[in-house]
Amino acid sequence: MVTEITSSDAERKMLSDAGYANPAINYYLEKKYMGHIENADQVSEKIGSCGDTMKVYLKFDEHDLIDDVRYEITGCAGAISAAMAAVDLVKGKTIDEALAINDGDVFKVLGNIPEKKHHCIQLAVKTMHKGIQEYKTIKAF
Ligand code: FES
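Residues numbered from 1 in each chain as written. Predicted model: local features only at pLDDT ≥ 70, side-chain atom pairs only at ≥ 80, totals over all residues. Heavy atoms only, no water.

Looking at an unreviewed UniProt entry, one finds the chain named NifU: predicted iron-sulfur cluster assembly protein, with Desulfobacula toluolica as its source organism.

Pasting the structure below:
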């Protein structure tokens, strides 16, 4: 029997060999929160120390709970997996709860990513926080 090796299997192995744990790999391959929100309440952008860019789109519900988040990212696998994990952490949360989420929380959800990619988690969290802060300022909470 011939086992077909798909490109996603090859990518999975490459990421695993590089030090990405399975949850991080799944977030990267699924990219479930990549894209934009047409009628977003807030759109904010941040450039990382590596020169890569993230744009976050935030949608709040009528109680100002985080209803939906999307990211547009020009960055690495670490950045993409971290941003996707950050969305799962803040969905349904209040503004203050979302602002309390830090790099360590995202790292825990990812399981592991290579140490040289930890600044990519920082970029995902800082971009999210920037968007929430700017929304907060506009709404003058
Ligand atoms: Fe630039 Fe990861 S976001 S190296």
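Additional details are given in the paragraphs that follow.
**Observations regarding the sheet that holds strand β3 (residues 66–74)**
For clarity, the threshold we go by: When DSSP finds two or more bridges between two strands, those strands count as paired. Runs of H or I in DSSP of at least four residues are treated as helices and runs of E of at least two as strands, each being numbered from the N terminus. Fitted lines through C-alpha atoms give the axes, limited to the stretch in contact for helices. The angle between two N-to-C directions lies from 0 to 180 degrees. Contacts between residues were defined by any pair of non-hydrogen atoms, one from each residue, lying within 4.5 Å.
Here we have three strands laid out as an open sheet, ordered β1-β2-β3, and antiparallel in their pairing. The open sheet terminates on both sides in strands that have one partner only, identified here as β1 (42–47) and β3. The mean inter-strand angle of the sheet, taken between neighbouring strand axes irrespective of direction, is 20°. Where strand β2 (residues 53–60) and β3 come together, eight bridges link them in antiparallel fashion. Each bridged residue has a counterpart across the sheet, and for tyrosine 57 the counterpart in β3 is arginine 70. Here helix α3 (residues 77–90) sits on the sheet in contact with β2 and β3, set at roughly 175° to β3. Contacts between helix α6 (residues 118–139) and the sheet are confined to β1, β2 and β3, with β1 contributing the most and set at about 140° to the helix.

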